[in-house]
Amino acid sequence: MPLLRVEGLSIRFGGLAALSDVSFDVADGEILGLIGPNGAGKSTVFNVLSGLYRPDAGRVTFDGGSLLDLTPHAIACRGIARTFQNTEVFRPLSVLDNVLVGLHSRLRGGLLGAAVWSRAVAREERAARERARALLARLGLEDVADVEAGGLPLGRQKRLEMARALAAEPRCLLLDEPAGGLNPTETRALMDLIVRLREDLKLTMIVVEHDMPLVMGISDRVVVLHYGRKIAEGKPREVASDAAVIEAYLGTEDDA
Ligand SMILES: Nc1ncnc2c1ncn2[C@@H]1O[C@H](COP(=O)(O)OP(=O)(O)OP(=O)(O)O)[C@@H](O)[C@H]1O
Ligand SMILES: [Mg+2]
């Protein structure tokens, strides 16, 4: 049984079929690359998986249970976390506080607990800070823990967004264009980081990415979308030499 199963997913926005009958599985511990030209429906898949969009048809099963009637918060609690294509850190907060926001959704005390100050809450708070610092170290951000997040260069903001997503201790992480805007050196380092995170945290991941060397280099399998339909699926090498895939990408270049 795969960890995540997507079956017959369809969603329309007015006259536009953003996804049409899309199905794929993700095995536990797998890195699945999700690629396709602009507007193919990649982010829409993430928006459905994280509960932001409700599909018109189809099923999503995670760890044996349906996700479709759950709120985004409930889906996060089930163990799916994501980052956004347009990086969304809390700019005025420190880097550390950005991660603590992600952690607090998991703390027992919550807001009420924080209001009713107690030794237990203080202990929990201290543990949360330690965990947040450990996460920052894992993502190479320990030196900027106390810096205002909005002042970080884009590459580090993207890592911070990953740290915040990981604070929720997900089993499955959805990364939407993690290398967008990064230079080749940063992209290389990011590839290594993603692979290391999978090993260290036993994560399952779906990575949406336009950087082909990155996505082909880290993915166990790749699913290709084009105009909302799945046109290919397989090992990176198979997909890269698939005629329909080459056609889809060349077609986009011609249009541009
Ligand atoms: N909330 C929405 N309302 C209307 N149209 C939408 C909405 N969300 C997505 N779309 C449309 O659905 C299609 C798929 O969009 P999506 O963002 O999933 O593409 P994508 O593959 O992520 O593209 P990109 O590589 O440019 O990020 C596009 O035509 C987009 O304009
Ligand atoms: Mg997108």
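Predicted, not measured: the structure shown is a model, and the values here were computed from it.

This part covers the domain arrangement of the protein chain. Here the protein chain is described as being made up of domain 1 (4–89 + 169–255) and domain 2 (90–151). Distance from the C-alpha centre of domain 1 to the C-alpha centre of domain 2: 28 Å. Facing eight residues of domain 1, the contacting portion of domain 2 comprises eight residues. Taken together, both faces of the contact between domain 1 and domain 2 bury some 720 Å²; the carbon and sulfur share is 55%.

Right, let's talk about the packing of helix α6 (residues 154–167) against helix α7 (residues 184–201) for a bit. The contact between α6 and α7 brings their axes to 12 Å, and the two run at 10°. One element, α6, and the other, α7, form an angle in the roughly parallel class. Counted together, Gly-155, Arg-159, Met-162 and Leu-166 of α6 and Glu-186, Ala-189, Leu-190, Leu-193, Ile-194, Leu-197 and Leu-201 of α7 form the full contact between these two elements. In terms of residue class, the contact of α6 with α7 is built from eight nonpolar, one polar and two charged.

In terms of burial, helix α3 (residues 95–104) is a largely internal element, seven of the 10 residues being buried. All of the buried residues along α3 are Val-95, Leu-96, Asn-98, Val-99, Leu-100, Gly-102 and Leu-103.

Before going further, it helps to spend a moment on empty space enclosed by the protein. Under the criterion given, the structure shown has one cavity of 30 Å³ or more. As a volume, the largest cavity reaches approximately 40 Å³. Along the walls of the largest cavity sit Thr-83, Phe-84, Lys-158, Glu-161, Met-162, Leu-175, Asp-176, Glu-177 and Pro-178, which together make up its complete lining. Those elements that provide at least two residues to the lining of the largest cavity are α6 and β7 (172–176). If one sorts the elements of the lining of the largest cavity by residue count, α6 sits on top with three residues.

Moving on: the environment of Phe-24. Take Phe-24: it is sitting in strand β2 (residues 16–26). In sequence terms Phe-24 and Pro-2 are 22 residues apart; their C-alpha atoms lie 9.8 Å from each other. Each residue touching Phe-24, except ones within four places of it in the same chain, is listed here: Leu-4, Arg-5, Val-6, Leu-32, Val-45, Ile-206, Val-223 and Glu-233.

Let us now look at the nonpolar core. Formed by 38 residues in total, the largest nonpolar core has its most connected members in Leu-136, Leu-160 and Met-205. Within the residue set of this core, elements represented by two or more residues are α3, α5 (119–138), α6, β7, α7, β8 (204–208) and α8 (212–218). Of all the elements, α6 adds the most residues to this core, at six residues. Domain assignment of the residues forming this core places at least three in each of domain 1 (4–89 + 169–255) and domain 2 (90–151). Once residues lying within four places of it in the same chain are set aside, the contact partners of Leu-136 are Val-95, Leu-96, Val-99, Leu-141, Glu-142, Ala-145, Leu-160 and Ala-163. Phe-24, Leu-49, Val-60 and Ile-206 belong to the second largest nonpolar core, which has 30 residues in total.

Looking now at the sheet that holds β8. The strand order across the open sheet built from six strands is β6-β7-β8-β3-β9-β10, with neighbouring strands paired in mixed fashion. The open sheet has two edge strands with one neighbour each: β6 (80–82) and β10 (229–234). Shown here is a sheet whose adjacent strand axes are inclined to one another by a mean of 20°, direction ignored. With four bridges connecting them, strand β3 (residues 31–35) and strand β9 (residues 221–226) associate as parallel partners. By the bridge assignment for β9, Leu-32 is matched with Arg-221. The strands touched by helix α1 (residues 42–49) within the sheet are β3, β6, β7, β8 and β9, with β7 carrying the most contacts at an inclination of about 145°. Contacts from α7 reach β3, β7 and β8 within the one sheet, and its direction differs from that of β8 by about 160°.

What counts, and at which threshold
Residues numbered from 1 in each chain as written. Chains lettered and ligands numbered in written order. Predicted model: local features only at pLDDT ≥ 70, side-chain atom pairs only at ≥ 80, totals over all residues. Heavy atoms only, no water. Domains from an automatic or database assignment. Contact = heavy atoms within 4.5 Å. Buried area = accessible area lost by both parts, 1.4 Å probe. Axes fitted to C-alpha atoms, helices over the stretch in contact; angles between N-to-C directions. Helix = DSSP H or I, 4+ residues; strand = E, 2+ residues; numbered from the N terminus. Parallel < 35°, antiparallel > 145°, perpendicular 65-115°, else oblique. Nonpolar A, V, L, I, M, F, W, Y, C, P; charged D, E, K, R; others polar. Buried < 20%, exposed > 50% of the residue type's maximum accessible area, 1.4 Å probe, protein only. 1 Å grid on protein atoms, 1.4 Å probe; cavity = no way out; pocket = protein on both sides within 12 Å on 5 of 7 lines; lining within 4 Å. Points joined across faces, edges and corners; volume = space filled by probe spheres on them. Core = buried A, V, L, I, M, F, W, Y, C linked by side-chain atoms within 4.5 Å. Pairing = 2+ DSSP bridges.

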